[in-house]
Amino acid sequence: MPENILIVDDEPDMLKLLSMIIKDKTPYGVTTTNNPLEVIDLLKSGSFDLIIADLKMPGIGGIELLEAIKKIDGELPVIIITAYGTFETATEALKKGGFDFITKPFRKEQILYTIDKALKWYVLQKENRQLRQRLQNLQQQEG
C-alpha cells in the first residue's frame, strides 16, 4: 500500500507544485490543505506517513504545527519548507522533532530525495516498534 503524504502550505501554487512533483514521480498518495488549523483533524481522521509543512502560515506557523503533530505521533516525520530559512530556524525545527528543513526554491530532486529518506526512516521506526512489542509479548508469555 503506498504511503500517504499530507502537504500543508498557505500558498495554493506551492501545494499544486509539490502535489504534482510527488504524483508524477512517486506512487505515494497526496492530501493537501492550505489551512494549517485543519491538520490536527486530518491527522485524527486519516493515516499519514509524512507531513510537509510550510514554516510561515497564517493562524499557526510551521514550528507550532510541528509541536502539535509530535504530540499526536512523536515518530511521524515532518519536513519543514520555507522561503525564510535561517540556520537558527532550521536548528529549532530539528530540535523540536522535524525530520528535515528545506529552503525554497528547492530542486525537484532534493524534495523527492528527502521524501524518500523520511518515508524509509518512518517505515523502520514502525518495524522497530512492532518488533519490540513482539519481543515484549514473548517475554511476558515465557515469564
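Residues numbered from 1 in each chain as written. Predicted model: local features only at pLDDT ≥ 70, side-chain atom pairs only at ≥ 80, totals over all residues. Heavy atoms only, no water.

Under an unreviewed UniProt entry, the name given to the protein is Signal transduction response regulator, receiver region domain protein, and the organism recorded is Candidatus Magnetobacterium bavaricum.

Draft legend 1. The arrangement of the UniProt feature "domain: Response regulatory" (unreviewed entry) in the protein in detail. UniProt records the feature "domain: Response regulatory" (unreviewed entry) for residues 4–119 in the present numbering. Secondary structure across residues 4–119 comprises 46% helix and 21% strand; the distance between its end C-alpha atoms is 10 Å. (UniProt positions renumbered as here; feature names shortened; annotations may be inferred. Helix = DSSP H or I, 4+ residues; strand = E, 2+ residues; numbered from the N terminus.)

Draft legend 2. Summary view of the pairing of strand S1 (residues 4–8). Among the five residues in S1, four count as buried, and that is most of the element. Each parallel crossover has a hand, and for S1 linked through helix H1 (residues 12–25) to strand S2 (residues 29–33) it is right-handed. Looking at chain direction, S1 and strand S3 (residues 50–54) are connected through four bridges and run parallel. Bridged to Leu6 within S3 is Ile51. (Buried < 20%, exposed > 50% of the residue type's maximum accessible area, 1.4 Å probe, protein only. Right-handed = clockwise from strand over helix to strand, strands pointing away. Pairing = 2+ DSSP bridges.)

Draft legend 3. Here's a closer look at helix H4 (residues 87–95). Taken together, the buried positions of H4 are occupied by Thr89, Ala90 and Ala93. The arc that holds the buried residues of H4, viewed along the axis, is 100°, so those residues lie on one side. Turned more than 90 degrees from where H4 packs its buried face, Phe87, Glu88 and Lys95 sit exposed. The first or second residue beyond H4 is Gly97, which carries a positive phi of 105°. (Arc of directions from axis to C-beta.)

Draft legend 4. Structural view of the pattern of salt bridges. Counted according to the given criterion, the structure contains nine salt bridges. Note that Lys104 and Glu11 form a salt bridge whose closest N and O atoms lie 3.8 Å from each other. Of this pair, Lys104 sits in the loop between strand S5 (100–103) and helix H5 (108–142) while Glu11 sits in the loop between S1 and H1; the two residues are 93 residues apart in sequence, bridging distant segments of the chain. Close ionic contact of Glu75 with Arg129 constitutes a salt bridge, the shortest N to O distance being 2.1 Å. Residue Glu75 is found in the loop between helix H3 (62–72) and strand S4 (78–82), and its partner Arg129 is found in helix H5; the two are separated by 54 residues along the sequence. Residue classification places Glu75 among the buried positions, given a relative accessible area of 18%. Through salt bridges with shared partners, a single network forms among Asp9, Glu11, Asp54 and Lys104. (Salt bridge = Lys/Arg side-chain N within 4 Å of Asp/Glu carboxyl O.)

Draft legend 5. Expanded view of the packing of H1 against H5. The N-to-C vectors of H1 and H5 enclose an angle of 70°; their axes lie 11 Å apart at closest approach. Between H1 and H5, the crossing angle belongs to the class labelled roughly perpendicular. Two packed elements cross with a definite hand, and for H1 against H5 that hand is right-handed. Between H1, through Leu18, Ile21, Ile22 and Lys25, and H5, the contact on the second element is made entirely by Lys108, Ile111, Leu112 and Ile115. Here the residues of the contact of H1 with H5 sort into six nonpolar, no polar and two charged. (Axes fitted to C-alpha atoms, helices over the stretch in contact; angles between N-to-C directions. Parallel < 35°, antiparallel > 145°, perpendicular 65-115°, else oblique. Left-handed = near helix turned anticlockwise from the far one by under 90°. Contact = heavy atoms within 4.5 Å. Nonpolar A, V, L, I, M, F, W, Y, C, P; charged D, E, K, R; others polar.)

Draft legend 6. The arrangement of the sheet that holds S3 in detail. The strand order S2-S1-S3-S4-S5 describes an open sheet built from five strands, whose pairing is parallel. At either margin of the open sheet sits one strand with a lone partner, and together these are S2 and S5. Direction aside, the axes of adjacent strands within the sheet are offset by 20° on average. Inspection of the sheet shows S1 paired to S2 by five bridges, in the parallel sense. Its bridge partner being in S2, Ile7 is matched across the sheet by Thr32. Packing against the sheet, H5 makes contact with S1, S3, S4 and S5, and its axis sits at approximately 170° to S5.

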